[in-house]
Amino acid sequence: MEKYELITVLGPTASGKTAFAARLAARLDTEIISGDSRQIYRSMDIGTGKDLADYVVDGKPIPYHLIDIHEPGYKYNVFEYQHDFFRAFQQVRSKGKLPVLCGGTGMYMEVVLKGYKLLDVPENPALRQSLQGKTLQELETILAGYKVLHNKTDVDSAQRAIRAIEIEEYYKQQVPGRNEYPSLNSLVIGIDIDRELRRNKISKRLRDRLEEGMVEEVKNILATGVTPEDLIYYGLEYKYLTLYITGKLSYQEMIDQLEIAIHQFAKRQMTWFRGMERRGFTIHWIDATLPTEEKIEYALRLLHANK
């Protein structure tokens, strides 16, 4: 059996995957590579749930990669992520360590595990113009008609949906190539959290983040010159808080709509992970409510069974 080159920890938002991954990394004396599409942005801390305190275990910082690598307003994509990931992966492996990939952006993680060949997709002004004015629901219907693997998990703003359609249209015209990177033999661990518990944790976490200053975080980003449209592009917290700050929603409307959106997002994440299983991934699910030490011991048994 080929030895594992990587440990992957995935799960929906609010499942506790980051804290688990950090403690596992501490036990293995290794480093974490983030698999989150929004935590790459500086200053977007509370809204993306970076939880950087989780990366300090028993007073020792756990090194992490692909967090805080771009300024807000930048349109990062999976093509860039794949290249950035493999640079970080090789850096950690060169130290003789087993990297831990942790995140909730299913497509980012699947792309690097399978080594899919991706293309740097240019903008298509004519296509964008033809899609302007369509509702998010209409755009999602169009996107659903494509067969190419695409990250529908994060499509919760019209801008992101239009970009997704732009990518699919471009790929329709291309001849499929061989994988650009090798597929990786990874132990994949999923943090399995009961739906009702997940909903309760999401609701509580939203209230906590608002008390921690999430509104002020978004105001500060806007004050740097990032446009409301660019923040709305990132969806979820940044979409709804920007709509509140710019007067499009009341405070209560923002909370109510954002809470629903996060629940829907978590559901889409789980749909993606189940799809990964159908596409051949073996995900070892661990009950989120187990004590941390039990989860770590289970992961270590899986890891050692491969040696």
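This structure is a prediction, so every number in the text was calculated from the model and none was measured. (Residues numbered from 1 in each chain as written. Predicted model: local features only at pLDDT ≥ 70, side-chain atom pairs only at ≥ 80, totals over all residues. Heavy atoms only, no water.)

**Student:** An account of unusual backbone geometry is requested, with residue identities and associated values reported.
**Tutor:** Where the residue is not glycine, phi is negative for most of them; where a peptide bond is considered, it is trans in most cases. Of note, the phi angle at D58 is positive, near 55°, even though the residue is not glycine. Here D58 falls in the exposed class, since its relative accessible area comes to 68%. Of note in the backbone geometry, L66 takes a positive phi value of approximately 65° without being a glycine. Mapped onto the secondary structure, L66 falls in the loop between β5 (64-65) and α2 (78-93). Take L66: its relative accessible area is 10%, and that puts it in the buried class. (Buried < 20%, exposed > 50% of the residue type's maximum accessible area, 1.4 Å probe, protein only. Helix = DSSP H or I, 4+ residues; strand = E, 2+ residues; numbered from the N terminus.)

**Student:** An account of the packing of aromatic side chains is needed here, citing residue identities and associated values.
**Tutor:** For any pair of aromatic rings, geometry is given as the distance between the ring centres together with the angle between the planes. Tallied over the entire structure, the rule returns eleven aromatic pairs. For the ring pair Y76 and Y108, a centre distance of 6.5 Å and an interplane angle of 55° mean the geometry is tilted. With Y76 in the loop between β5 and α2 and Y108 in helix α3 (residues 106-114), the pair connects residues that are 32 residues apart, well separated along the chain. The interplanar angle of 75° and the centroid separation of 5.7 Å between the aromatic rings of Y233 and Y234 together place this pair among those described as edge-to-face. An identical accessibility class is assigned to Y233 and Y234; each is buried. Here the basic side chain of R274 rests over the ring of W285, its NZ or CZ set 4.7 Å away from the ring centre. (Phe/Tyr/Trp six-rings, centres within 6.5 Å; stacked < 30°, edge-to-face > 60°. Lys NZ or Arg CZ within 6 Å of the ring centre and 35° of its normal.)

**Student:** So what's going on with the sheet that holds β5? Which residues, and what values?
**Tutor:** One open sheet holds the six strands; their spatial order is β5-β2-β6-β1-β7-β8, and the pairing between them is parallel. Bordering the open sheet on either side are β5 and β8 (283-287), each of which pairs with just one other strand. Of the pairings in the sheet, the one linking strand β2 (residues 32-34) to strand β6 (residues 100-103) comprises three bridges and is parallel in character. Bridge pairing links I32 to V100 in β6. (Pairing = 2+ DSSP bridges.)

**Student:** Residues and numbers for the nonpolar core, please.
**Tutor:** Counting 63 residues, the largest nonpolar core has Y81 and F85 as the members making the most contacts within it. Ranked by residue count, the leading element in this core is helix α11 (residues 251-278), at eleven residues. Excluding residues that lie within four positions of it along the chain, Y81 makes contacts with I33, S34, G35, L66, Y76, L101, Y108 and V112. (Core = buried A, V, L, I, M, F, W, Y, C linked by side-chain atoms within 4.5 Å. Contact = heavy atoms within 4.5 Å.)

**Student:** Please set out the side chain of E31 residue by residue, giving values where relevant.
**Tutor:** Along the chain, the position of E31 falls in the loop between α1 (17-28) and β2. Within the structure, the side chain of E31 is placed 2.6 Å from the side chain of H65, a separation counted as a polar contact. Excluding anything up to four places from it in sequence, E31 contacts P63, H65, V92, K95, K97, P99 and V100. (Polar contact = N/O pair within 3.5 Å; in protein donor to acceptor, adjacent residues only side chain to side chain.)

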